[in-house]
Amino acid sequence: MEGLARGGGASRVDVTDDWRQGRTAHGGLTAGLCTEAAVRAGADLPPLRSAHFALMGPASGALSVIPTTLRAGRSAVFAGVDVAGDAGPAARALLCFGAGRESALNYGALPMPDAPPPDACQPYFAPGRSPGFAQHFDTRLAAGARPMTPGAAPHARVWVRHRDEAARASIAGLVALADAVPPAAFILFAAPAPFSTATWALDVLTEAPISPDGWWLIDARAETAAGGYSSQAMTVWSSDGTPVMACRQTVAVFA
């Protein structure tokens, strides 16, 4: 994040090996970089409301991150961000920032499911099976199964927290954290095999997402897995039970 320019314009960012996932940067990190680049390019942006990320190629080596303000209206700002790496185009993002307004509507149907507190849960990743980027997060399995548990339902409910306290206060940090749990279809794998997020769409449900203790509960559930692709739904709550993000993700699987 420190390598991104303020006030817009292209930036060059080096992704270190500790943030890699296979031959590319961790998808959450790429999405977080896009979010932070858009925030820095705008002036007094309203809160982030939604974002769409197409992760089209390996984000490796020195990354070029180019934000563009597509339209700035009275209440909403649309921004685009392109990311390219050594192998060419890596990601394209479309983000919508929107100011709040008075409304007669007040409805919610995303209650936080039951989950023991993080301290009462076991680590999410099995010993020796954590990807490199996982060193930046604390993770605890609250319900469901770990990766490579054939026969279990493709569902995991995981407490996640940034180990770097400075990353806990920004919307870009939350976007990066929301992708810290591997795709739920990975639970169905009998052995290690490649997978890659193709597209990720998220809606931010509150203007200023914050979790009092830095922990967030992520629920990821694969709804289909066939033909080399999986579709999954994801929801994120703060530790006080507030729903903060609803997501959908398409994942390419090679198993």
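Residues numbered from 1 in each chain as written. Predicted model: local features only at pLDDT ≥ 70, side-chain atom pairs only at ≥ 80, totals over all residues. Heavy atoms only, no water.

Here the focus is the overall build of the protein. Across its full length, the protein carries 2 helices and 14 strands. Relative to a compact globule of 255 residues, whose C-alpha radius of gyration would be 18 Å, the protein shows 18 Å and is just as compact. Along the first, second and third principal axes, the C-alpha atoms of the protein reach 50 × 50 × 35 Å. Residue burial in the protein is summarised as follows: out of 255 residues, 45% are buried. A separation of at least 24 residues holds for 65% of the contacts in the protein among residues at least 6 apart in sequence. Element-wise, carbon and sulfur atoms account for 52% of the exposed surface of the protein, whose accessible area totals about 12,300 Å². Charged side chains in the protein number 19 positive and 21 negative. The centres of these two groups are separated by 5 Å. (Helix = DSSP H or I, 4+ residues; strand = E, 2+ residues; numbered from the N terminus. Rg over C-alpha atoms; globule rule 2.2 N^0.38 Å. Buried < 20%, exposed > 50% of the residue type's maximum accessible area, 1.4 Å probe, protein only. Contact = heavy atoms within 4.5 Å. Areas by Shrake-Rupley, 256 points an atom, 1.4 Å probe, with all protein chains shown as cover. Lys, Arg positive; Asp, Glu negative; His and termini not counted. Charge placed at Lys NZ, Arg CZ, Asp CG, Glu CD.)

Next up on the list: helix H1 (residues 27–41). With 15 residues, H1 extends 21 Å from end C-alpha to end C-alpha; this agrees with the ideal 21 Å at 1.5 Å per step. Extensive coverage of H1 is indicated by the burial of 13 of its 15 residues. (Expected span 1.5 Å × (residues − 1).)

The description of an aromatic ring pair rests on the distance of the ring centres and on the angle between the ring planes. Summed over all chains, the structure comprises 7 aromatic pairs. Ring centres of Phe133 and Phe137 lie 6.4 Å apart, and the angle between their planes is 75 degrees; on these two criteria the pair is classed as edge-to-face. A relative accessible area of 2% places Phe133 in the buried class. Their ring planes at 75 degrees and their centres at 6.5 Å tell us that Phe189 and Phe195 sit as a pair that is edge-to-face. Accessibility expressed as a relative area gives 6% for Phe189, which makes it buried. (Phe/Tyr/Trp six-rings, centres within 6.5 Å; stacked < 30°, edge-to-face > 60°.)

Take the environment of Ala184 next. The residue Ala184 is located in the loop between helix H2 (171–178) and strand E11 (195–204) in this model. In this structure, the C-alpha to C-alpha distance between Ala184 and Met148, residues 36 residues apart in sequence, is 9.8 Å. Discounting chain neighbours no more than four positions away, the residues touching Ala184 are Pro154, His155, Ala220, Arg221, Ala222 and Gln232.

What follows concerns the sheet that holds strand E8 (residues 122–123). Taking strand neighbours across the sheet as the criterion, the 12 strands line up as E1-E5-E6-E7-E4-E11-E14-E13-E12-E10-E9-E8 in an open arrangement whose pairing is antiparallel. Among the strands making up the open sheet, the edge pair consists of strand E1 (11–14) and E8. One ladder, built from 9 bridges, connects strand E13 (residues 229–238) with strand E14 (residues 243–253); its direction is antiparallel. Counterpart to Tyr229 in the pairing with E14 is Ala252. (Pairing = 2+ DSSP bridges.)

Once the charged atoms of two side chains with opposite charge are near each other, the side chains can pair. What the rule picks out here adds up to 7 salt bridges. Between Asp138 and Arg163 there is a salt bridge; the shortest N-O distance is 2.7 Å. Taken as a pair, Asp138 in strand E9 (residues 137–144) and Arg163 in the loop between strand E10 (155–162) and H2 lie far apart in primary sequence, 25 residues in all. Looking at Arg163, the relative accessible area reads 47%, which means it is partly exposed. A single network of salt bridges, built from pairs that share partners, joins Asp138, Arg161 and Arg163. (Salt bridge = Lys/Arg side-chain N within 4 Å of Asp/Glu carboxyl O.)

So, on to unusual backbone geometry. Although it is not a glycine, Asp44 adopts a positive phi angle of roughly 55 degrees. Tracing the backbone through its elements, the reader meets Asp44 in the loop between H1 and strand E4 (48–55). For Asp44, a relative accessible area of 79% translates into the label exposed. The phi torsion at Met148 lies on the positive side, around 60 degrees, for a residue other than glycine. Met148 gets classed as buried once you look at its relative accessible area, which sits at 14%.

Okay, the pairing of strand E6 (residues 76–85) next. The pairing of strand E5 (residues 62–72) with E6 spans 8 bridges and is antiparallel. Directly across from Ile66, in E6, lies its bridge partner Asp82. Linking E5 to E6, which pair antiparallel, is a turn of 3 residues. As judged from the 10 bridges shared by E6 and strand E7 (residues 88–98), these two strands associate in the antiparallel manner.

Right, let's get into the environment of Ala185. Within the secondary structure, Ala185 sits in the loop between H2 and E11. When its relative accessible area of 4% is taken as the criterion, Ala185 is described as buried. The sequence separation of Ala185 and His155 amounts to 30 residues, and the corresponding C-alpha distance is 8.0 Å. Apart from the residues within four sequence positions on either side, Ala185 is in contact with Ala222, Ser230, Gln232 and Val253.

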